[in-house]
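Secondary and tertiary structure notes
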Amino acid sequence: MKKALLALIVAPLFAVYATFAVADDAVEASAETIKEYTEMCLNWAKDDDINNEELKPYVLKCVNDELESEGYKKVTDVKI
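Here the residue index of a chain counts from 1 through its sequence in written order. It should be noted that, the model being predicted, local features are given only for residues of pLDDT at least 70 and side-chain atom pairs only at 80 or more, the latter also being counted only at that level, while totals for whole chains, interfaces and linings use all residues. For the side-chain quantities, the full set of heavy atoms in the structure was used; hydrogens and water were omitted.

1. With respect to the nonpolar core
Rules: Residue types Ala, Val, Leu, Ile, Met, Phe, Trp, Tyr and Cys, when buried and joined through side-chain atoms within 4.5 Å, form a set referred to as a nonpolar core. Burial classes: relative accessible area under 20% of the type maximum marks a residue as buried, over 50% as exposed, and values in between as partly exposed (1.4 Å probe, protein chains only). Working definition: helices are DSSP H or I runs of at least four residues, strands are E runs of at least two. Numbering for both runs from the N terminus. We call two residues in contact when some of their heavy atoms are within 4.5 Å.
Residues Ala29, Ile34, Tyr37, Cys41, Ala45, Leu55, Val59, Cys62, Val63, Leu67, Val75 and Val78 constitute the largest nonpolar core, which totals twelve residues. If you list the elements that add at least two residues to this core, you get helix 2 (31-47) and helix 3 (52-69). Ignoring anything within four residues of it in the chain, the contact list for Val63 reads Tyr37, Thr38, Cys41, Val75 and Val78.

Here it is in structure tokens:
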């Protein structure tokens with residue numbers, strides 16, 4: 001009985017730990033990859049008629065979405 005209770009307590013904690021361990025395995029993207037994603041996102045911003053005030057946040061979110069989907073770490077800034 002005690003082992004089952006202990007397992008019920010420990011299992012969720014282990015699952016959370018495993019999730020964070022996997023998230024930390026992301027690698028940094030090369031400068032070239034970030035540049036390519038930035039250019040792609042700038043083109044999408046033009047297609048979406050994003051104004052200058054919203055351009056940088058739009059491109060940063062777009063680049064980070066692409067990086068994350070490819071298993072890379074997010075960036076804090078992009079050069080436009």
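There is more to say, and it comes next.
2. Digging into the state of the cysteines
Under the convention used in this document: The disulfide criterion used throughout: a pair of cysteine sulfur atoms within 2.5 Å.
With the rule as written, the count across this model stands at one disulfide. Disulfide partner of Cys41: Cys62, at an S-S distance of 2.0 Å. A torsion of -75 degrees about the S-S bond marks the disulfide between Cys41 and Cys62 as left-handed. Within this pair, whereas Cys41 is found in helix 2, its partner Cys62 is found in helix 3, the two being separated by 21 residues in sequence.

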